[in-house]
Amino acid sequence: MALSFNPRLVRGVSRCHAIVTAKMALAASCRDFSAAEKSTVIVNLNDNTGVATIQLNRPPVNSLNLQLLTDIKIALDKLQMKKDCRGMILTSSSPGIFCAGLDFMEMHNPQEGRAREFWRSLQEVWKMLYGSRLATIAAINGHSPAGGCLLSLTCDYRVMAQGKFMIGLNETLLGMVAPFWFQDTMTNTIGHREAEKALQLGLLYSGENALNVGLIDELVPPEKVMQTAQVQMQTWLKIPDLARRLTKEQMRGPTLQKFVQRQNEDVDQIMKFIMDSATQRSLGIYLNTLKHKQLTSV
Ligand SMILES: CCCCCCCCC/C=C/C(=O)SCCNC(=O)CCNC(=O)[C@H](O)C(C)(C)COP(=O)(O)OP(=O)(O)OC[C@H]1O[C@@H](n2cnc3c(N)ncnc32)[C@H](O)[C@@H]1OP(=O)(O)O
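Treat the numbers as computed from the prediction; the structure is a model and nothing was measured. (Residues numbered from 1 in each chain as written. Predicted model: local features only at pLDDT ≥ 70, side-chain atom pairs only at ≥ 80, totals over all residues.)

Let us now look at the overall build of the protein chain. A count of helical and extended segments in the protein chain gives 11 helices and 11 strands. Counting only residues that meet the buried cut, the protein chain has 43% of its 298 residues in that class. Across the protein chain, every contact between residues at least 6 apart in sequence was considered, and the portion connecting residues at least 24 apart equals 76%. (Helix = DSSP H or I, 4+ residues; strand = E, 2+ residues; numbered from the N terminus. Buried ≥ 20, exposed ≤ 12 C-beta atoms within 10 Å, placed from the backbone. Contact = placed C-beta atoms within 7 Å.)

Right, here's the structure in full:
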């Protein structure tokens, strides 16, 4: 995958620069994580508008492994430290795939030390995105199951591509429980009743149904996703930053405080769960299902 700018993002922009793609030193592992040397996010900041774009860039499906999570975190850190940066659009460089959720390689028969680090990175990315001072918009240009849906839910607004794409928290289909903070993020977006149904049944919504339940805010042709996100961003940036940011803090504060109080306990629970042989069996069955393409949306 070439690390070039998306021309649509930079057209007409006089001073647009890339923030260097984040890299990380991976902890020693016996597994082959050879993708570690490759860039996994492309970051642009338009100095004229103050709007940044983070493109997930880990083909084929942008599954969230330790490297991608670390790269997102570094990119966000850099952007949030830049005073002039006011908004961020989160998208993917792979047409048809926003993000396939957590990387199965991190979950299937993991080493506990690595799994802990991985989970803490996910927590950190969620916390940063959910509490970001920036106006954030997810430009969902394809499938967005599980952790992919979670990433988009942290944003202030979601634009999704029309087509046969799915979005939802489907953890129960994998024999897993979406952690409480996944559940809270979903509930805060679509309300308790719909979230209860969606989470228990592991529903993957079509774009139309996602729009109906408020999981996304707009459904547009794939080629218009980015442009729509940019136009929508102007609406968010018309509001004085401080007023918008403080309102966001107040609305999301209780969810974030609950999370911080239970963050360590959450890591311990997840470790217990993922190291359990029954969990691994369910995951193995799910991976087999995935190979035979039996996933459907409602
Ligand atoms: C310690 C923590 C404890 C954590 C314990 C608790 C966790 C609870 C929370 C869990 C959150 C999650 O996100 S769990 C992850 C849930 N994710 C999913 O269920 C998505 C599964 N994927 C899909 O449905 C599809 O791949 C989809 C995204 C729609 C794209 O379909 P396509 O037809 O375009 O592409 P495919 O042919 O299926 O996929 C291309 C290749 O990518 C691989 N692939 C697909 N999804 C992948 C994924 N999530 N991780 C790795 N690899 C993936 C496929 O196997 C293929 O590999 P090759 O065959 O080799 O080419």
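Now for unusual backbone geometry. Following proline 59, the chain continues to proline 60 via a peptide bond in cis, the omega torsion being 5 degrees. Within the element layout of this structure, proline 60 appears in the loop between strand S3 (51-56) and helix H2 (66-81). Its identity as a non-glycine residue notwithstanding, asparagine 62 has a phi of 55 degrees, on the positive side. With respect to the helices and strands, asparagine 62 occurs in the loop between S3 and H2. The exposure class of asparagine 62 is buried, given the 28 C-beta atoms found within 10 Å. Even without glycine at this site, asparagine 109 takes up a positive phi of about 45 degrees. Here asparagine 109 lies in the loop between helix H3 (104-107) and helix H4 (112-130).

In the vicinity of the ligand there are 29 residues, among which Ser63, Gly101, Leu102, Ala146 and Gly147 approach most closely. Elements with a minimum of two residues in the shell around the ligand: H3, H4, strand S7 (142-145) and helix H10 (241-274). Broken down by element, the shell around the ligand gets its largest block of residues, 4 residues, from H3. When its residues are assigned to classes, the shell around the ligand shows 21 nonpolar, 5 polar and 3 charged. (Near = placed C-beta within 6 Å. Nonpolar A, V, L, I, M, F, W, Y, C, P; charged D, E, K, R; others polar.)

Moving on to the pairing of S3. Counting buried positions along S3 gives 6 out of 6 residues, so the element sits mostly inside the fold. Neither face of S3 is left uncovered, since the one carrying Val51, Thr53 and Gln55 and the one carrying Ala52, Ile54 and Leu56 both have all their residues buried. Two strands pair when backbone bridges link them, and strand S2 (residues 41-46) and S3 are joined in this way by 6 bridges, in the antiparallel orientation. What sits directly across from leucine 45, in S3, is alanine 52. In textbook terms, the turn of a hairpin is the stretch between consecutive antiparallel strands, and for S2 and S3 this stretch comprises 4 residues, one of which, glycine 50, has a positive phi near 75 degrees. Looking at chain direction, S3 and strand S4 (residues 87-92) are connected through 6 bridges and run parallel. Each residue of the ladder has a partner; that of leucine 56, found in S4, is serine 92. Following the backbone out of S3, through H2 and into the adjacent parallel S4, one traces a crossover that is right-handed. (Pairing = 2+ DSSP bridges. Right-handed = clockwise from strand over helix to strand, strands pointing away.)

Spanning 34 residues, H10 covers only 41 Å between terminal C-alpha atoms, well under the ideal 50 Å at 1.5 Å per step. Of all the bends in H10, the greatest measures close to 55 degrees and is centred on arginine 262. Residues of H10 that are buried: Phe259, Ile270 and Ile274. Buried residues along H10 sit against H3, H4, helix H6 (180-190) and helix H11 (277-291). (Expected span 1.5 Å × (residues − 1). Bend = angle between axes of the 7 residues up to and from the residue.)

Core analysis: the biggest nonpolar cluster contains 76 residues, and Ile137, Ala139, Ile140, Met160, Ile167 and Leu169 have the highest contact counts within it. If near-sequence neighbours (up to four positions away) are discounted, isoleucine 167 is found in contact with Ile140, Ser144, Cys149, Met160, Leu204, Tyr205, Ala210, Leu215 and Ile216. (Core = buried A, V, L, I, M, F, W, Y, C linked by C-beta atoms within 7 Å.)

Reading across from one edge, S5-S7-S9-S10 is the order of the 4 strands in this open sheet, with mixed pairing throughout. The open sheet has two edge strands with one neighbour each: strand S5 (96-97) and strand S10 (205-206).

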